[in-house]
Protein chains: 2
Amino acid sequence: MGLPAVFNLIILISSFSGLCHAYDYKTYFYRQKVDHFSFTNDDIFIQRYLISDAHWNGNNGPIFFYAGNEGDITLFADNTGFVWDTAPEFKALVVFAEHRYYGVSLPYGSKSFSEPKYSGYLTSEQALADYAELLTYLKRVIPGAKDSPVVVFGGSYGGMLAAWFRMKYPHIVQGAIAASAPILQFTGVTPCDKFGKVVTADFARESNECVEVIRKSWSALNTVTADDEGKAWLSNSWKLCDPLKSEKNITDFKDYLSNVWTNLAMVDYPYPANFLAPLPAYPIKVVCSHLTDSSKDQRALLEELNAGLQVYYNYTGEAKCLNFNEQADVRLDDNGWNVQTCNEMVMPFCYDGIHDFFEPAAWNYTAFEDECHKNYGLTPQPFMVSLMYGGRNINASSNIVFSNGLLDPWSSGGVMWNVSDTVVSVIIPEGAHHLDLRSADPQDPQSVKNARTLEKLHIRRWIENYHIQQHSLNGI
Amino acid sequence: MGLPAVFNLIILISSFSGLCHAYDYKTYFYRQKVDHFSFTNDDIFIQRYLISDAHWNGNNGPIFFYAGNEGDITLFADNTGFVWDTAPEFKALVVFAEHRYYGVSLPYGSKSFSEPKYSGYLTSEQALADYAELLTYLKRVIPGAKDSPVVVFGGSYGGMLAAWFRMKYPHIVQGAIAASAPILQFTGVTPCDKFGKVVTADFARESNECVEVIRKSWSALNTVTADDEGKAWLSNSWKLCDPLKSEKNITDFKDYLSNVWTNLAMVDYPYPANFLAPLPAYPIKVVCSHLTDSSKDQRALLEELNAGLQVYYNYTGEAKCLNFNEQADVRLDDNGWNVQTCNEMVMPFCYDGIHDFFEPAAWNYTAFEDECHKNYGLTPQPFMVSLMYGGRNINASSNIVFSNGLLDPWSSGGVMWNVSDTVVSVIIPEGAHHLDLRSADPQDPQSVKNARTLEKLHIRRWIENYHIQQHSLNGI
């Protein structure tokens, strides 16, 4: 069946972009309030969302709603195959909603990140209210959706939103699949050194030498690049697009490397994939196959490191040079996330180089706060998330599956215990970052197949209970 | 024991006002954020709260927290004897928090209601976040309160806040006593004519003639005051402080009368009380003892009505004249509530004069919206409360007692069914507006005694479960 005529009232465009999309959907836009909680600002903005009714049972069948996170929503639509794979079985309407301030859903256009007057409405609370409004609207205008149960899906920050959406709006969403959702990665809840330890452990699974090469690389980098000759050597040897000239360059370069090792841990998938970069199956294994001898001298060690790094930035063989200033994926928007880390998404990280393989770095909140002031005019609220959502005290919630892969560093901030009968933890030992949300693949380990089966069992129960409750509510 | 030294950091004043207070407490102030959900406005304001630790067990004993509603917090402290009566038994710390924009807790002083720029932060969502912040702060700074369970109490709009506080912040408040909380009195949830029918039924319990006198009084008033002679007659006969001159005066006068009949239904308590006015026990019975013959001619009917009305405005015998422009209680702040009805607290009321005794009046949303625009520059959001809090769909919540008296017209919007094992409805057949929250009285009917016993049972269970859960959480 087609979507209703009332949809013509809002702008409809075909889905298009320079990228090729894996799934078929239509693109719509909703006029959303900028501020849902106060009455000082009547501005509206245009929020993008994607819909597919290819398998929808128009008679109160479920709505599968993806709570968009920090990027262009098409990126998440392309990488959340589980929703697409599962919709036919449940005859579900599929909706992917773009998070405010990402993709094309910019409340104040190019000014959106310029100052708190415009950027200040970029909070999870406002984003959840957007989703609540949008779903209420969709259930009202789509014929046959009035009594549709809603299942929310999300991965990573989207998984946090999915869990919080069920906690705060249980009358709108009947259950949440919160994949790799680090809702505990906040001040006073999780120690700052836990994340780096998981990254390191992923490399240690392959070999201790691999870990040692990376651990020693920081001082090698510092020593080698201490003079101009060394900077030139490394720039040539590693084929850097922009040669290293300044201390700032060195810092940025090391930050890039830290991010690469972290990203590899996140996307250590069992088959070739292209989430943060085009990569082979189990990319850490491939990287580590190059990092085999930590006893080499510093320049030889760095050449070894470079060979491993190329797996990450040049698996396709098409890169002419290494651009360490480039974002992992242009569709993951750093502008927005940087603002969010400077208001409520204050996640402390620290490394000691002993229990992890990173260059030692304490969590310096004061310096962080200063940067936020300087860059965005924002004062971070490191305790806001726990105040709003409860930290570990989530036993009053219901109908949430928290899934975490043990390869995923974000499992450090995940809910890894069964909170109650209906708020459950699913551990995927061989899983990286929200592997379970990806499309089924012949290379999938059994553990992720089991996780998906369990998730579908919960979804089925939520839907059944919803219909029972709706029935009894109609009797009041 | 005394309150901790850290309290000296904030201003401490003795509780004082022109009124005599029934209970002993100290007054404190907290620096509160004006906007909890966005980062566009860093303003803070000073929120008042009252504390008594007279009976507190400083070793993680419970906190009894009253969620202040639309008035000076001392009014609610004086009229919520149940909290004071019960605190010793539970060794509870008692906290009464003033709602933003009421009493002395005005975020922008005298400008607070002047325009949306200042008045726009007066929403229930912001008020709940105030309470969440305040409680988190108190548990941090008061020695021995770190693991204190919190029970929230509220009556009327305060009862709505109490229920919503538990729904939205179950990690901060373990259970809610929501007395006479009309959380369903909103567009599309409860028919607009239900409220007036309950008011009328309260008078019908005394006599049908009483109802008939009031029902006929509107046309009598319209006819008699149609000319100047009639206006003068009524002004003299009723000893009005300001004689009726204009159509506007007549409308205001009739609005005053409607409010009186409504207020009487709300405060039809079994003993003399002074909540909205000093009144005898069961004041409707006393009023109706004067309204006995609806067959009289119009002027005689109005004289009868006047005799009944004097029970309300002059029970003390001290009133020199009838001031129909006066507020019921100066401590109930119309400024703030009028703003709230013009943003999210849009409660539709309508009367037909047939199934109720009021002058017929349809619910005219357009006219209402125009008034809000004109008076406050605000556009009401009639569906906001249901979007935020769920309307009747509250089965995912837990640990709430909804108590309603059948004499109370606000029971029309109350939760009158058991939602679940832990979200329960307590009906008090002989109860008016939050009678159960008032201090125990020898005249109390058995039904309110039973209600309080049940409420205490639930409170005890919430406290016990909290300690069990804290214990298990410490093991994670």
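Residues numbered from 1 in each chain as written. Chains lettered and ligands numbered in written order. Predicted model: local features only at pLDDT ≥ 70, side-chain atom pairs only at ≥ 80, totals over all residues. Heavy atoms only, no water.

Peer 1: Hey, could you run me through the overall build of chain A in this one?
Peer 2: Per the secondary structure count, chain A includes 15 helices and eleven strands. Since a compact globule built from 476 residues should have a radius of gyration of about 23 Å, the 23 Å found for chain A is in line with a globular shape. Referenced to the eigenvectors of the C-alpha coordinate spread, the extents of chain A come out at roughly 80 × 50 × 45 Å. Each of the 476 residues in chain A was classed as buried or not, and the buried ones make up 60%. If you take every contact in chain A between residues at least 6 apart in sequence, the share linking residues at least 24 apart comes to 71%. Summing over all exposed atoms, chain A offers an accessible surface of approximately 17900 Å²; the carbon and sulfur share of this is 52%. Between the mean site of the 36 positive side-chain charges and the mean site of the 53 negative ones, chain A shows a separation of 5 Å. (Helix = DSSP H or I, 4+ residues; strand = E, 2+ residues; numbered from the N terminus. Rg over C-alpha atoms; globule rule 2.2 N^0.38 Å. Buried < 20%, exposed > 50% of the residue type's maximum accessible area, 1.4 Å probe, protein only. Contact = heavy atoms within 4.5 Å. Areas by Shrake-Rupley, 256 points an atom, 1.4 Å probe, with all protein chains shown as cover. Lys, Arg positive; Asp, Glu negative; His and termini not counted. Charge placed at Lys NZ, Arg CZ, Asp CG, Glu CD.)

Peer 1: Can you walk me through the side chain of Asn 314 of chain B in this structure?
Peer 2: Relative to the assigned elements, Asn 314 of chain B resides in the loop between helix 11 (298-313) and helix 12 (334-341). You can call Asn 314 of chain B buried: its relative accessible area is 17%.

Peer 1: So what exactly am I meant to see when it comes to the packing of helix 7 (residues 208-224) of chain A against helix 9 (residues 247-266) of chain A here?
Peer 2: In a packed pair of helices, the relevant descriptors are the angle between the two axes and the axis-to-axis distance. Residues and elements named next belong to chain A. In the contact formed by helix 7 and helix 9, the axes pass within 11 Å of each other and the chain directions differ by 170°. Classified by the interaxial angle, the pair formed by helix 7 and helix 9 is roughly antiparallel. Residue-level contacts link Ile 214, Trp 218, Leu 221 and Asn 222 of helix 7 to Phe 253, Lys 254, Leu 257, Ser 258 and Trp 261 of helix 9. Across the contact of helix 7 with helix 9, the residue classes break down as six nonpolar, two polar and one charged. (Axes fitted to C-alpha atoms, helices over the stretch in contact; angles between N-to-C directions. Parallel < 35°, antiparallel > 145°, perpendicular 65-115°, else oblique. Nonpolar A, V, L, I, M, F, W, Y, C, P; charged D, E, K, R; others polar.)

Peer 1: Can you walk me through the nonpolar core in this structure?
Peer 2: Grouped burial of nonpolar side chains is what soluble globular proteins tend to show. The biggest cluster of nonpolar side chains holds 314 residues, and the ones touching the most others in it are Phe 65 and Trp 261 of chain A together with Phe 65 and Trp 261 of chain B. Once residues lying within four places of it in the same chain are set aside, the contact partners of Trp 261 of chain B are Val 199, Phe 203, Ile 214, Trp 218, Val 287, Leu 305, Leu 309 and Phe 357 of chain B. (Core = buried A, V, L, I, M, F, W, Y, C linked by side-chain atoms within 4.5 Å.)

Peer 1: How should I be thinking about helix 13 (residues 365-376) of chain A in this particular structure?
Peer 2: Helical periodicity: at 3.6 residues per turn, an α-helix aligns residues three or four positions apart in one direction. Residues and elements named next belong to chain A. A rise of 1.5 Å per residue sets the reference length of helix 13, with its twelve residues, at 16 Å; its end C-alpha atoms lie 16 Å apart and thus fit the reference within 8%. Restricting attention to buried positions, one finds in helix 13 the residues Phe 368, Cys 372 and Tyr 376. End-on, the buried residues of helix 13 take up no more than an arc of 40°, which puts them together on one face. Against the buried residues of helix 13 lie helix 3 (116-119) and helix 12 (334-341). The N-terminus of helix 13 is capped by Asn 364, whose side-chain oxygen sits 3.3 Å from the backbone nitrogen of Thr 366. Phi for Gly 377, located one or two positions after helix 13, is positive at around 65°. (Expected span 1.5 Å × (residues − 1). Arc of directions from axis to C-beta. Polar contact = N/O pair within 3.5 Å; in protein donor to acceptor, adjacent residues only side chain to side chain.)

Peer 1: Would you mind going over the relation of the copies chain A and chain B with me for this structure?
Peer 2: Between the two copies of the chain lies a relationship made up of a rotation around an axis and a movement along it. When chain A is fitted onto chain B, the two copies agree to an RMSD of 0.0 Å after a turn of 180° and an axial shift of 0.0 Å. Given the turn and translation reported, the copies of this chain are related as if by a two-fold rotation axis. Among all C-alpha atoms of chain A, that of Lys 168 of chain A lies closest to the rotation axis, at 2.9 Å. In this assembly, 100% of the residues forming the interface of chain A have copies in chain B that are likewise at the interface, indicating an isologous arrangement. (Least-squares fit on C-alpha atoms with pLDDT ≥ 70 in both.)

Peer 1: Looking at this model, I keep getting lost on the pairing of strand 7 (residues 175-179) of chain A. Mind explaining?
Peer 2: On a regular strand, one side chain projects to one face of the sheet and the next to the other, so that they alternate. All names here are of chain A. Across the five residues that make up strand 7, a large majority, five, are buried. Here strand 7 shows no split at all, with Gly 175, Ile 177 and Ala 179 on one side and Ala 176 and Ala 178 on the other all buried. As paired elements, strand 6 (residues 150-155) and strand 7 share five bridges and run parallel to each other. Among the inter-strand pairings, Gly 154 is bridged to a residue of strand 7, identified as Ala 178. In this region the chain leaves strand 6, passes through helix 5 (residues 157-168) and returns to the parallel neighbour strand 7; the handedness of that crossover is right-handed. Note that strand 7 and strand 10 (residues 400-405) share four bridges and pair parallel. Each residue of the ladder has a partner; that of Ala 178, found in strand 10, is Phe 402. (Pairing = 2+ DSSP bridges. Right-handed = clockwise from strand over helix to strand, strands pointing away.)

Peer 1: Please clarify how the state of the cysteines should be interpreted in this entry.
Peer 2: Formally, a disulfide is one covalent bond, and it connects the sulfur atom of one cysteine to the sulfur atom of another. All names here are of chain A. Throughout the structure, instances matching the rule amount to eight disulfides over all chains. Between the sulfur of Cys 192 and that of Cys 350 lies a disulfide, 2.0 Å long from S to S. Its S-S torsion of about 85° marks the bond between Cys 192 and Cys 350 as right-handed, since a negative value means left-handed. With Cys 192 in the loop between strand 7 and helix 6 (194-204) and Cys 350 in the loop between helix 12 and helix 13, this residue pair connects regions lying 158 residues apart in the sequence. The class for Cys 192 is partly exposed, based on a relative accessible area of 22%. Assigning the bonded cysteines of chain A consecutive numbers by sequence position, one obtains the connectivity 1-7, 2-4, 3-5, 6-8. (Disulfide = S-S within 2.5 Å.)

Peer 1: Looking at this model, I keep getting lost on the interface of chain A and chain B. Mind explaining?
Peer 2: Accessible area lost during the coming together of the parts is what is often quoted as the interface size. With 45 residues of chain A at the interface, the matching set in chain B holds 45 residues. Of the roughly 3600 Å² buried between chain A and chain B, counting both surfaces, carbon and sulfur atoms make up 62%. Its largest share of buried area at the contact with chain B, chain A owes to Phe 37, Phe 39 and Leu 387 of chain A, together 22% of the area lost on that side. Counting across the interface, chain A meets chain B through 13 residue pairs in polar contact (both at pLDDT 80 or more). (Buried area = accessible area lost by both parts, 1.4 Å probe.)

Peer 1: Looking at this structure, I do not really get the packing of aromatic side chains. What am I missing?
Peer 2: Scanning the model with the defined rule gives 63 aromatic pairs over all chains in all. On the numbers, 6.1 Å between centres and 70° between planes, the contact of Phe 82 of chain A with Phe 153 of chain A is edge-to-face. A residue pair is termed long-range when its members are at least 10 positions apart, and Phe 82 of chain A in helix 2 (residues 81-90) and Phe 153 of chain A in strand 6 qualify at 71 residues. Residue class for Phe 82 of chain A comes out buried when judged on its relative accessible area of 2%. Here the aromatic cluster, defined as three or more aromatic residues joined through ring pairs, consists of Tyr 23, Tyr 25, Tyr 66, Phe 76, Trp 84 and Phe 96 of chain A. The ring of Tyr 169 of chain A carries the charged tip of Lys 168 of chain B above its face, separated from the ring centre by 4.2 Å. Taking the ring centre of Trp 233 of chain B as reference, the NZ or CZ of Arg 299 of chain B above it sits at 4.9 Å. (Phe/Tyr/Trp six-rings, centres within 6.5 Å; stacked < 30°, edge-to-face > 60°. Lys NZ or Arg CZ within 6 Å of the ring centre and 35° of its normal.)

Peer 1: So what exactly am I meant to see when it comes to the confidence of the model for chain A here?
Peer 2: Do not read the fine detail of predicted coordinates wherever pLDDT is low. Scored by pLDDT, chain A has a mean of 93; 94% of the residues are at 70 or more. Scored as a whole, the predicted complex attains pTM 0.93, and scored at its interfaces, ipTM 0.92. (pLDDT = per-residue confidence, 0-100.)

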